[in-house]
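Architecture at a glance
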Amino acid sequence: MTVGASGSATTRGPVRPDPGESEPGGPGGPTRNPGQDLGQDFGIHPDDLPDGLVVADETGRVICFNAAAARITAVAAAEAVGSPLERALPLEDLEGRRWWALTDPYGGLRTRFGQPERNLLLPGGREVLVSARYVRAFPQGPVRRLVISIRGTEARRRTERSHAELIATVAHELRSPLTSVKGFTATLLAKWERFTDDQKRLMLETVDADANRVTRLIAELLDISRIDSGRLEVRRQPVDIGTAVGRHIQSFTASGQSPDRFLVRIQQPLPALWADPDKIDQILGNLLENAVRHGEGTVTIEVAPAQVKHVDHGHTERPGAEHTHADGGAKGTAVTVSDEGPGIPEESMARVFTRFWRGSKRGGTGLGLYIVKGIVEAHGGTITVGRGPGGGAQFRFILPVGAPAYLA
């Protein structure tokens, strides 16, 4: 292994002997195994690796310190290469004990072949994930190479923080309705004869509403689990999107909203749409509820035919833009929901479809639009957010017409 001009190292010797072959110091005399030279055979340079790689020789001196290791540890490769391992990588465990003195890779048990990944501390208390592999010349022989992998903890911290936020949100959202249900049922059981029929009805209606709230939260959590794991099932059937929109508007007007607040525009003829009716209802219900609760003025729903391109969901959606490829497309249906309220600030549009985004007004779990995006993309569609003609928020989703497999 030789050191390049940048201070990092390139593999030149064998990484590990094949069965039946031996290395210098092993039985059978000194032989080389050039077939294991990754740098020459596969064109892999240590700096190409995504994780930090540190390699020490049989004397404990660093012979490889790649670019990722330098970035994670904030130690220049030129300073690390040639230094004793303890000086180049002064790790401590979470109790403040020096890691290399504690594990003693060169003088410890000869049956040990490495250390599993664990959290260790760099100088200054910065946490990293470290694992080690002991490369021996032959079983139970001396350590020839000590190969250390280093990873930052940022991605894991983000995941843990997301899970903690989800648990805290669920606990908060469950506590309120369950407290209400418990209080009203306990009161009714203890003092049933003291209440009039109207009072009993009001209490039971409140209990029913709170039970529905808990049911919706559990359904949201199940949807998130399926979206994150890629197991969200779409059961396609013929869907009349215009009828579905009308059904939701009737539900809002029955609950007290003025019919004049809604304006529906449907451009005919629409292509036949095959989608999951329940999930389409979930999308429409969420978008309309957001427009009614957080918007102002007239809520406009437009349904029109659209051309669907091949979409790359690997890119982050920009507000008001769709990432498409120009190599063909298909018929689809576009649904636009807009209001005349204050709208969504430009700086917040990139976070609208993330978990726990609630905007300036609190309320709800902040999971609805994340689920909506997951459902739309499970149908092969796209959803974007922008500013409507009236200045409020405008959500637009496009679904390909689709078809069940047996009709394709």
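Residues numbered from 1 in each chain as written. Predicted model: local features only at pLDDT ≥ 70, side-chain atom pairs only at ≥ 80, totals over all residues. Heavy atoms only, no water.

1. Remarks on the overall build of the protein chain
Quick reminder of the rule: The way it works is that DSSP assigns letters per residue, a run of H or I at least four long becomes a helix, a run of E at least two long becomes a strand, and they are numbered from the N terminus. For the exposure calls, accessible area comes from a 1.4 Å probe over protein chains only, and a residue counts as buried if that area is under 20% of its type's maximum, exposed if over 50%, partly exposed in between. What sets the accessible areas is the Shrake-Rupley method with a 1.4 Å probe; for residues, cover comes only from the shown protein chains.
When you go through the protein chain residue by residue, the secondary structure sums to 10 helices and 14 strands. Across the 408 residues in the protein chain, those meeting the buried criterion constitute 40%. Carbon and sulfur atoms provide 52% of the accessible area of the protein chain, an area that totals close to 22,300 Å².

2. Focus: the sheet that holds strand S3 (residues 52–56)
To keep things clear, this is the line we draw: A pair of strands is considered paired only if DSSP assigns at least 2 bridges between the two. The axes used here are C-alpha line fits, helices contributing only the stretch in contact, and every angle between their N-to-C directions lies in the interval 0 to 180 degrees.
With respect to topology, 5 strands assemble into an open sheet ordered S4-S3-S7-S6-S5, the strand pairing being antiparallel. Each end of this open sheet is capped by a strand with a single partner; those strands are strand S4 (62–65) and strand S5 (114–121). On average, each strand axis in the sheet is tilted by 20° relative to the strand beside it, whichever way the strands run.

3. Some remarks on the pairing of strand S7 (residues 143–152)
Across 5 bridges, the pairing between S3 and S7 is antiparallel. Residue pairing across strands places valine 55 opposite valine 147, the latter belonging to S7. Across 9 bridges, strand S6 (residues 127–136) lies against S7 in antiparallel orientation. In the sheet register, valine 128 faces S7, and the bridge partner there is glycine 152.

4. As for the pairing of S4
Looking at chain direction, S3 and S4 are connected through 3 bridges and run antiparallel. Bridging across to S4, valine 54 finds its partner in phenylalanine 65. What sits between the antiparallel neighbours S3 and S4 is a turn of 5 residues, in which glycine 60 has the positive phi angle 90°.

5. Focus: unusual backbone geometry
For the bond running from glutamine 268 to proline 269, omega is 0°, close enough to zero to count as cis. Turning to its location among the elements, proline 269 is positioned in the loop between strand S9 (262–266) and strand S10 (273–275). Positive phi, close to 45°, is recorded for aspartate 104, a residue that is not glycine. Note on placement: aspartate 104 falls in the loop between helix H5 (99–103) and S5. Judged by relative accessible area, aspartate 104 falls into the partly exposed class, the value being 36%. Positive phi outside glycine occurs at glutamine 140, with the angle close to 65°.

6. Re helix H9 (residues 277–294)
For the record, the criterion: Expected helix span is given by 1.5 Å per residue-to-residue step, counting one fewer step than there are residues. Counted as a polar contact is a pair of N or O atoms within 3.5 Å, where, for protein atoms, one must be capable of donating a hydrogen and the other of accepting one, and residues adjacent in sequence contribute only when both atoms are in side chains.
Taking 1.5 Å as the rise per residue, H9 with 18 residues should run 26 Å; its terminal C-alpha atoms sit 25 Å apart, in good agreement. Lys279, Ile280, Ile283, Leu284, Gly285, Asn286, Leu287, Leu288, Ala291 and Val292 are the residues of H9 that are buried. Among the residues of H9, the N-terminal cap falls to aspartate 276, whose side-chain oxygen and the backbone nitrogen of aspartate 278 are separated by 3.1 Å.

7. Points about the confidence of the model for the protein chain
Using the following cut-off: The pLDDT value expresses, per residue, how confident the predictor is, ranging between 0 and 100. It only takes one pair of heavy atoms within 4.5 Å for two residues to be counted as in contact.
Residues with a pLDDT of 70 or more make up 80% of the protein chain, whose mean pLDDT is 80. Below a pLDDT of 50 lies the segment residues 1–38, which in the model reaches 72 contacts outside its immediate sequence neighbourhood of four places, other chains included. Overall, residues 311–328 carries pLDDT values under 50, and its contacts beyond four positions in sequence, including any with other chains, amount to 38 contacts.

8. With respect to the pattern of salt bridges
Our working rule: Salt bridge, as used here: a side-chain nitrogen of Lys or Arg that lies within 4 Å of a carboxyl oxygen of Asp or Glu.
As enumerated under the stated definition, the model contains 12 salt bridges in all. Here arginine 97 makes a salt bridge to aspartate 93, at a shortest N to O gap of 2.7 Å. Residue aspartate 93 is classed as buried on the basis of its relative accessible area, which comes to 7%.

9. Regarding helix H7 (residues 197–229)
Over its 33 residues, H7 runs 48 Å from end to end, which matches the ideal 48 Å to within 8%, given 1.5 Å per residue. Of all the positions in H7, only Lys200, Met203, Val207, Asp210, Val214, Leu217, Glu220, Asp223, Ile224 and Ile227 are classed as buried. Downstream of H7 by a residue or two, glycine 230 has a phi angle that is positive, lying close to 70°.

10. Examining the nonpolar core
Definition in use: In plain words, nonpolar cores are sets of buried Ala, Val, Leu, Ile, Met, Phe, Trp, Tyr and Cys residues tied together by side-chain atoms within 4.5 Å.
Core analysis: the largest hydrophobic core is formed by 45 residues, its most contacted members being Ile301, Phe395 and Phe397. The greatest single-element share of this core, amounting to 7 residues, is contributed by H9. Residues contacting phenylalanine 395, with those up to four places away along its chain left out, are Leu287, Val335, Thr336, Val337, Ile344, Val352, Phe353, Leu369, Thr384 and Val385.

11. As for the packing of H7 against helix H10 (residues 368–378)
The description of two packed helices rests on the angle between their axes and on the distance between the axes. Note the following rule: An angle below 35 degrees is treated as roughly parallel, one above 145 as roughly antiparallel, one from 65 to 115 as roughly perpendicular, and anything else as oblique. Here a crossing is called left-handed whenever its near helix is offset anticlockwise from the far helix by less than a right angle, and right-handed whenever the offset is clockwise. Residues are grouped as follows: Ala, Val, Leu, Ile, Met, Phe, Trp, Tyr, Cys and Pro are nonpolar; Asp, Glu, Lys and Arg are charged; all remaining types, including Gly, are polar.
Where H7 contacts H10, the two axes come as close as 10 Å, and the packing angle between them is 45°. Considering their axes alone, H7 and H10 lie oblique with respect to each other. Viewed along their axes, H7 and H10 form a crossing whose handedness is left-handed. Across the interface between the two elements, Glu220, Asp223, Ile224, Ile227 and Asp228 from H7 touch Tyr370, Ile371, Gly374 and Ile375 from H10. Considering only residue class, the contact of H7 with H10 consists of 5 nonpolar, 1 polar and 3 charged.

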